[in-house]
Amino acid sequence: MTENNTNNQRFRRSLIWHLRPTHVPERAIRFTHTFGLGGMALVLVFLLVFTGILMVFSYEPSPERAWQSIAAFQEDVLFGSLIRGVHFWSANLLLPVTLLHLLRVFLTGGFHGRRCSNWLLGLGVLACVLLSGFTGYLLPWDQTAYWAITICTEMLGLVPGVGPGLRSAILGGSEIGSATIINFYALHVVLTPMLLFALLSWHFWQIRKAGGVVSPTGPFDNVREAHRTVPLVPNLVIKEVVVALVLIALVLVLAIIFAAPLGEPANPGISPNPAKAPWYFLGFQELLIHFDATFAILVIPLLAAAALIAIPFIRYEGEISGNWFLTPKGRRMAQAAAVAALVVVPLWIVVDDRIIGPDGWLPGTARLVSNGLLPFALMLIGASAFYLALRKSFNASRNEAVQSLFVLFFVAFVVLTVAGAWFRGPGMMLVWPWQM
Ligand code: HEM
């Protein structure tokens with residue numbers, strides 16, 4: 001038996017072999033095929049768990065002690081400020097990286113057929129990431145944290161029917177206090193990490209079962225090039241290690257240059273102006289300015305979640321997958337959708353703010369109609385017209401048209417978030433960021 005064969009056998013018997021294949025398609029491991037986004041999300045999760053465990057030793061989950069315990073951790077513990085900084089930046093990068101990964105999977109058609117269940121699992125992972133970020137936000141117990149969670153739970157309380165009950169269950173009472181911080185702490189350090197690890201293990205097993213990530217389908221110079229496989233070690237592993245190291249370096253640099261903020265201790269009597277939700281919920285806070293609460297907090301988010309779940313179940317003409325934007329035409333259509341969202345959404349924000357005003361689109365009627373049903377119907381009509389026009393003018397398949405619609409809504413939500421983060425000042429009025 002040659003030395004090579006012995007090595008191969010040893011490798012096959014190891015645990016790693018059960019997690020990873022020995023060989024991978026050469027065309028699927030090009031960096032620009034996945035940009036390593038799933039791996040980056042995993043690295044960030046590990047950084048969060050590692051630094052989180054270190055902080056648990058000194059954090060005290062009570063309104064009286066939480067802020068002081070964090071301040072003391074930063075000042076008295078060796079590398080305390082750095083550890084908190086790494087936790088802060090990893091958390092703030094995890095959501096965008098996860099969303100970009102979702103976008104990559106979607107735009108390369110990585111959700112068809114046997115990957116369908118993994119898409120659904122991924123959505124569960126996304127919900128967990130959001131819950132983890134949200135529950136962690138309150139823990140520093142400074143003004144920003146206190147009022148951001150106040151805004152969010154007030155938004156939740158506006159949901160007709162279940163809203164108030166859900167709000168008091170989360171708060172552990174009628175307002176934010178010691179029960180809330182304990183609820184959030186337990187969810188943040190026990191429940192969400194456990195759920196995340198369970199879901200992620202399943203996620204990776206499903207990737208393995210599906211034979212790895214979707215492979216690009218070409219164009220290739222010849223059949224051999226299209227089907228060539230290469231050993232996992234070193235070809236893919238070296239790329240993964242480089243991506244992980246660069247990411248860790250970036251997080252460290254960010255943590256050193258921009259320390260995690262810790263504002264004044266929470267003061268329930270003084271509300272900052274503007275009081276804003278955590279940045280990843282600012283899109284919803286912005287929606288709340290333009291739509292009645294039933295639509296902003298219930299109908300639109302539920303429809304968005306239903307659409308994400310429905311993606312693999314839509315009947316497409318074929319399971320086109322593997323190449324970015326599916327086809328060159330798909331790419332042009334997606335670009336058109338992105339430009340449309342970049343033009344229409346800011347216009348909508350300004351027109352609604354400056355011309356339509358708080359009484360809505362049909363003053364004199366119920367708010368639910370004037371600020372809810374009517375603008376919502378207008379939005380749906382606009383999106384449907386856009387979908388049909390794209391399909392017709394590009395002579396596009398359903399795959400390509402659905403993809404463009406997804407890009408339209410994705411970019412629209414990013415624009416809403418940017419507007420909420422940088423273009424809203426005192427009283428949530430529209431302002432130029434440099435005037436704030
Ligand atoms: C913490 C969050 C997540 C982590 C750590 C993670 C990790 C990964 C990794 C490492 C891969 C393979 C390589 C790559 O694509 O970069 C992958 C593939 C995949 N992920 Fe995720 N993922 C996460 C969230 C999500 C979300 C939110 C979705 C979608 C809703 C999703 C759906 C998928 C699917 C369907 C695949 C297989 C795609 C294909 O075959 O091309 N993942 N994930």
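No experiment lies behind these values; they were computed from the predicted model shown.

The rules we used
Residues numbered from 1 in each chain as written. Predicted model: local features only at pLDDT ≥ 70, side-chain atom pairs only at ≥ 80, totals over all residues. Heavy atoms only, no water. Near = heavy atom within 4 Å. Polar contact = N/O pair within 3.5 Å; in protein donor to acceptor, adjacent residues only side chain to side chain. Helix = DSSP H or I, 4+ residues; strand = E, 2+ residues; numbered from the N terminus. Nonpolar A, V, L, I, M, F, W, Y, C, P; charged D, E, K, R; others polar. Buried < 20%, exposed > 50% of the residue type's maximum accessible area, 1.4 Å probe, protein only. Contact = heavy atoms within 4.5 Å. Domains from an automatic or database assignment. Buried area = accessible area lost by both parts, 1.4 Å probe. Salt bridge = Lys/Arg side-chain N within 4 Å of Asp/Glu carboxyl O. Phe/Tyr/Trp six-rings, centres within 6.5 Å; stacked < 30°, edge-to-face > 60°. Lys NZ or Arg CZ within 6 Å of the ring centre and 35° of its normal. Core = buried A, V, L, I, M, F, W, Y, C linked by side-chain atoms within 4.5 Å. Donors = N, O, S within 2.8 Å, 3.2 Å for Na, K, Ca; no water. Tetrahedral: all angles 85-135°; square planar, octahedral: opposite > 155°, others 65-115°.

## Looking at the site of the ligand
Then comes step 1: By nearness alone, 26 residues border the ligand, and Gly38, His101, Arg104, Arg115 and His203 come closest of all.
Then comes step 2: Measuring from an oxygen atom of the ligand, one finds a backbone N or O atom of Gly38 at 3.0 Å.
Then comes step 3: Listed by contribution, the elements that provide at least two residues to the shell around the ligand are α4 (37–56), α6 (80–107), α7 (116–138) and α10 (178–209).
Then comes step 4: When residues of the shell around the ligand are assigned to their parent elements, the largest contribution, six residues, is made by α7.
Then comes step 5: A class-by-class count of the residues in the shell around the ligand yields 14 nonpolar, ten polar and two charged.

## Overview of the side chain of Thr135
Then comes step 1: Along the chain, Thr135 falls in helix α7.
Then comes step 2: On the basis of relative accessibility, which here comes to 1%, the residue Thr135 falls in the buried class.
Then comes step 3: Within the local environment of Thr135, its side chain forms a polar contact with the backbone oxygen of Ser132, the two atoms lying 3.1 Å apart.
Then comes step 4: In this view, Thr135 contacts Phe184, Leu187 and His188; residues no more than four positions away in its chain are not counted.

## Topic: the domain arrangement of the protein chain
Then comes step 1: Domains assigned within the protein chain are domain 1 (11–272) and domain 2 (276–436).
Then comes step 2: Using C-alpha coordinates to define each centre, domain 1 is positioned 25 Å away from domain 2.
Then comes step 3: Across the interface of domain 1 and domain 2, roughly 3,100 Å² is buried in total on both sides, 77% from carbon and sulfur atoms.
Then comes step 4: Counting the contacts that link domain 1 with domain 2 gives zero salt bridges.
Then comes step 5: For the side of domain 1 that touches domain 2, the element with the most residues is α6, which contributes nine residues.
Then comes step 6: Here the residues of the side of domain 1 that touches domain 2 are counted per class, giving 25 nonpolar, eleven polar and one charged.

## Considering the packing of aromatic side chains
Then comes step 1: The final tally for this structure, using the stated rule, is 27 aromatic pairs.
Then comes step 2: Ring geometry for Phe31 versus Phe35: centroids 5.5 Å apart, planes at 80°, classification edge-to-face.
Then comes step 3: What makes Phe31 partly exposed here is its relative accessible area of 42%.
Then comes step 4: Aromatic side chains Tyr59 and Tyr185 sit 5.3 Å apart centroid to centroid with 40° between the ring planes, which places their arrangement in the tilted category. A residue pair is termed long-range when its members are at least 10 positions apart, and Tyr59 in the loop between α4 and α5 (66–76) and Tyr185 in helix α10 qualify at 126 residues.
Then comes step 5: We classify Tyr59 as buried; its relative accessible area is 12%.
Then comes step 6: Site record: aromatic cluster; members linked through ring pairs are Phe134, Tyr137, Phe184, Trp279, Tyr280, Phe281, Phe284 and Phe413.
Then comes step 7: A cation sits over an aromatic face here: Lys209 above Trp205, 4.4 Å from the ring centre.

## Quick look at the nonpolar core
Then comes step 1: Within the largest apolar cluster, 95 residues are counted, with the highest numbers of intra-cluster contacts made by Leu44, Trp119 and Trp141.
Then comes step 2: Here this core gets eleven residues from one element, more than from any other, and that element is α6.
Then comes step 3: Mapping this core onto the domain boundaries places at least three of its residues in each of domain 1 (11–272) and domain 2 (276–436).
Then comes step 4: Filtering out sequence-adjacent residues up to four positions away, Trp119 remains in contact with Leu102, Val105, Phe106, Phe111, Leu308, Ile311 and Pro312.

## Section: the coordination of the iron atom of the ligand
Then comes step 1: Only His101 (NE2) and His203 (NE2) from the protein reach the iron atom of the ligand as donors, at distances of 2.0 to 2.1 Å.
Then comes step 2: Each of the six donor atoms bound to the iron atom of the ligand contributes to angles spanning 86 to 179°, and the resulting shape is octahedral. Remark: His203 occurs in helix α10 and His101 occurs in helix α6; sequence separation between them is 102 residues. Comparing His101 with His203, the two get one shared label, buried.

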